[in-house]
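Descriptive analysis of the structure
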Amino acid sequence: MNIGEIAQRAGVSRSTVSYALSGKRPVSEETREKIQRVIDDLGYRPNASARALANGRTSTIGLVFPPAGDHYTGMQLDFIGSVVEAAAAYDYDVLLSPSGVDSDRSFQRLLGERRVDGAILMEIRLQDDRVEHLLAEGFPSVCIGRTAQPENDWWVGLDHTALTAACVHHLADLGHRRIAFVNRPERLLRAGYESAHRGLDGFTKAAAERGLTVRTYTCGDDAPSGQACLERILHDDPATTALVTLNEAALGGLYRGLAHAGRHVPRDFSVTGVVAARWAETVTPQLTAADVPAAELGRLAVELLVERLDQPQTPPRHQLLTPPISLRASTGPVGTPAPMVADPDLNA
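Our subject in this report is the structure included herewith. What you see is a predicted model; the values in this text were computed from it and never measured.

Assigned secondary structure in the protein chain consists of 14 helices and 12 strands. A buried classification covers 48% of the 348 residues belonging to the protein chain. When contacts within the protein chain are restricted to residue pairs at least 6 apart in sequence, long-range pairs at least 24 apart make up 71% of them. In the form shown here, the protein chain has an accessible surface area of approximately 16700 Å², with 50% of it arising from carbon and sulfur atoms.

Next comes the structure, spelled out in structure tokens:
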């Protein structure tokens, strides 16, 4: 089925059908309805490639998102889902590219073949050649995260510096004096991942401000790495009573390590961090955390990109989010006594 057959059945020219479909030129309402009836009868669906050639738009957004290792973590999958859902509201499809640097073939194809109208970039580094490349090309893009000099970029992000500092102050207010920080993997820190660096910066500055004794650790994005990291923490300083983490993928392992060490949460040891609510609520006890608003970040990124596509002359815009700490059940004062449990025999 093609435009020619639609035109023949509707009794109009091919160009009139094309204008009715693309909206490039006005077509009378009567003619538009006649064409639409034929389309509905024939079940016609315009070819995406042909439509892109005709109007210069693919109706597709690229999501440039490298996995943390050999797989996407749960939080990363949440971000992907949020972008796809938000894009669908604007009638855009999403093409996923796992590119971490601009030399990746996937990234080069995305740009060179103009497969997408614009791109959303994730796992941003402080010095990110992907962002610099897109800026130099004038290619519409939005970052979830920000570089070291983000003034000329379009982005939405979390204030990891403020959030990890808030976690430290929360623990210090509870009386904790010896605290560990569990970051993302070492290779991501070396690569300059902005969340890892800014989170570490917020932690160390807040700890210095409160006069705390602290140690910092990098940790793989999985539960076994989390358990091994917790064992290192207690080996290095058995007097540690709390930790702050950015690594939601290691969270289950951190809890497991505490259980194996006989440390009860929160009676003996408090845990907090910057983690999406869905993951904070999967552990027992539930994690007191600055909740990462994955759905909101994805929606805002899509909204900014659509705005940039529709209004190319708009100056760069950005938005920095600082969600509050959600108090759940994983933190408590140092030396909190175990809760009293009634003996059923006493009530017999």
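Bringing the sheet that holds strand E9 (residues 270-275) into the picture now. Strand order in this open sheet of six strands is E7-E6-E8-E9-E10-E12, and the pairing throughout is mixed. Looking at which strands have only one partner, the edges of the open sheet turn out to be strand E7 (213-217) and strand E12 (325-326).

The next point concerns the nonpolar core. Counting residues in each nonpolar core, the largest one holds 68 residues, and the members touching the most others are Phe-79, Ile-120, Ile-144, Leu-243, Val-271 and Leu-287. Lining this core are residues from two domains, each supplying at least three of them: domain 2 (60-158 + 294-323) and domain 3 (160-291 + 326-347). Once you skip the residues sitting within four places of it in the chain, Phe-79 turns out to touch Phe-65, Met-122, Ile-144, Val-292, Ala-294 and Leu-297. Residues Phe-107, Leu-121, Phe-139 and Cys-143 belong to the second largest nonpolar core, which totals 13 residues.

Counted according to the given criterion, the structure contains two aromatic pairs. Measuring from ring centre to ring centre gives 4.8 Å for Phe-181 and Phe-203, while their planes differ by 20°; the resulting arrangement is stacked. With Phe-181 in strand E6 (residues 178-182) and Phe-203 in helix H10 (residues 194-210), the pair connects residues that are 22 residues apart, well separated along the chain.

With respect to the helices and strands, Gly-145 occurs in the loop between strand E4 (141-144) and strand E5 (155-158). What makes Gly-145 buried here is its relative accessible area of 4%. If near-sequence neighbours (up to four positions away) are discounted, Gly-145 is found in contact with Ile-124, Trp-155, Val-156, Gly-157 and Glu-194.

Structurally, the position occupied by Ala-242 is in strand E8 (residues 242-245). Taking C-alpha positions, Ala-242 is 8.7 Å from Asp-268, a pair spaced 26 residues apart along the chain. When neighbours within four sequence positions are excluded, Ala-242 is seen to be in contact with Leu-171, His-176, Arg-178, Ile-179, Ala-180, Phe-269 and Ser-270.

So, on to helix H8 (residues 160-173). Between its terminal C-alpha atoms H8 stretches 20 Å, which fits the 20 Å expected from 14 residues at 1.5 Å a residue. Gly-175 sits one or two residues past H8 and shows a positive phi near 100°.

Another point: empty space enclosed by the protein. Which parts of space are left empty comes out when a probe the size of a water molecule is rolled across the atoms. Following the criterion strictly, the structure yields three cavities of 30 Å³ or more and no others. Residue lining of the largest cavity: 25 residues in total, with Phe-79, Glu-123, His-160, Arg-184 and Ser-195 positioned closest to the centre. Elements with a contribution of two residues or more to the lining of the largest cavity: helix H5 (74-89), E5 and H10. Broken down by element, the residue count for the lining of the largest cavity peaks at three residues, all from H5.

Within the structure shown, the criterion is met by 18 salt bridges. Across the pair Arg-130 and Asp-128 runs a salt bridge, and its minimum N-O distance is 2.8 Å. Considered together, Arg-130 and Asp-128 belong to a single accessibility category, that of buried residues. Arg-210 is paired through a salt bridge with Asp-173; the nearest N and O atoms lie 2.8 Å apart. Residue Arg-210 is located in helix H10, and its partner Asp-173 is located in helix H8; the two are separated by 37 residues in the primary sequence. By relative accessible area, which is 27% here, Arg-210 ends up partly exposed. Under the relative-accessibility criterion, Asp-173 is labelled exposed at 59%. Through salt bridges with shared partners, a single network forms among Arg-125, Asp-128, Asp-129 and Arg-130.

A few words now on the sheet that holds strand E1 (residues 60-64). Read across the open sheet, the six strands follow the order E2-E1-E3-E4-E5-E11; overall the sheet is parallel. Each edge of the open sheet carries a strand with a single partner, namely strand E2 (93-97) and strand E11 (318-321). Each strand of the sheet is rotated relative to its neighbour by a mean of 15°, with strand direction disregarded. With four bridges joining them, E5 and E11 adopt parallel strand pairing. Residue pairing for E11: Trp-155 is matched across the bridge by His-318. Against the sheet, H5 contacts E1, E2, strand E3 (118-121) and E4, and its axis sits at roughly 150° relative to E2.

In helix packing, the relevant descriptors are the interaxial angle and the interaxial distance, both defined with respect to the helix axes. Contact geometry of helix H11 (residues 223-236) with helix H12 (residues 251-260) gives a least axis separation of 6 Å together with a crossing angle of 45°. In terms of orientation, H11 lies oblique with respect to H12. For the pair H11 and H12, the crossing hand works out as right-handed. Residues Ala-223, Gly-226, Gln-227 and Leu-230 of H11 form the contact with H12, whose participating residues are Gly-253, Leu-254, Arg-256, Gly-257, Leu-258 and His-260. Looking at side-chain class alone, the contact of H11 with H12 contains four nonpolar, five polar and one charged residues.

Basis of the calculations
Residues numbered from 1 in each chain as written. Predicted model: local features only at pLDDT ≥ 70, side-chain atom pairs only at ≥ 80, totals over all residues. Heavy atoms only, no water. Helix = DSSP H or I, 4+ residues; strand = E, 2+ residues; numbered from the N terminus. Buried < 20%, exposed > 50% of the residue type's maximum accessible area, 1.4 Å probe, protein only. Contact = heavy atoms within 4.5 Å. Areas by Shrake-Rupley, 256 points an atom, 1.4 Å probe, with all protein chains shown as cover. Pairing = 2+ DSSP bridges. Core = buried A, V, L, I, M, F, W, Y, C linked by side-chain atoms within 4.5 Å. Domains from an automatic or database assignment. Phe/Tyr/Trp six-rings, centres within 6.5 Å; stacked < 30°, edge-to-face > 60°. Expected span 1.5 Å × (residues − 1). 1 Å grid on protein atoms, 1.4 Å probe; cavity = no way out; pocket = protein on both sides within 12 Å on 5 of 7 lines; lining within 4 Å. Points joined across faces, edges and corners; volume = space filled by probe spheres on them. Salt bridge = Lys/Arg side-chain N within 4 Å of Asp/Glu carboxyl O. Axes fitted to C-alpha atoms, helices over the stretch in contact; angles between N-to-C directions. Parallel < 35°, antiparallel > 145°, perpendicular 65-115°, else oblique. Left-handed = near helix turned anticlockwise from the far one by under 90°. Nonpolar A, V, L, I, M, F, W, Y, C, P; charged D, E, K, R; others polar.

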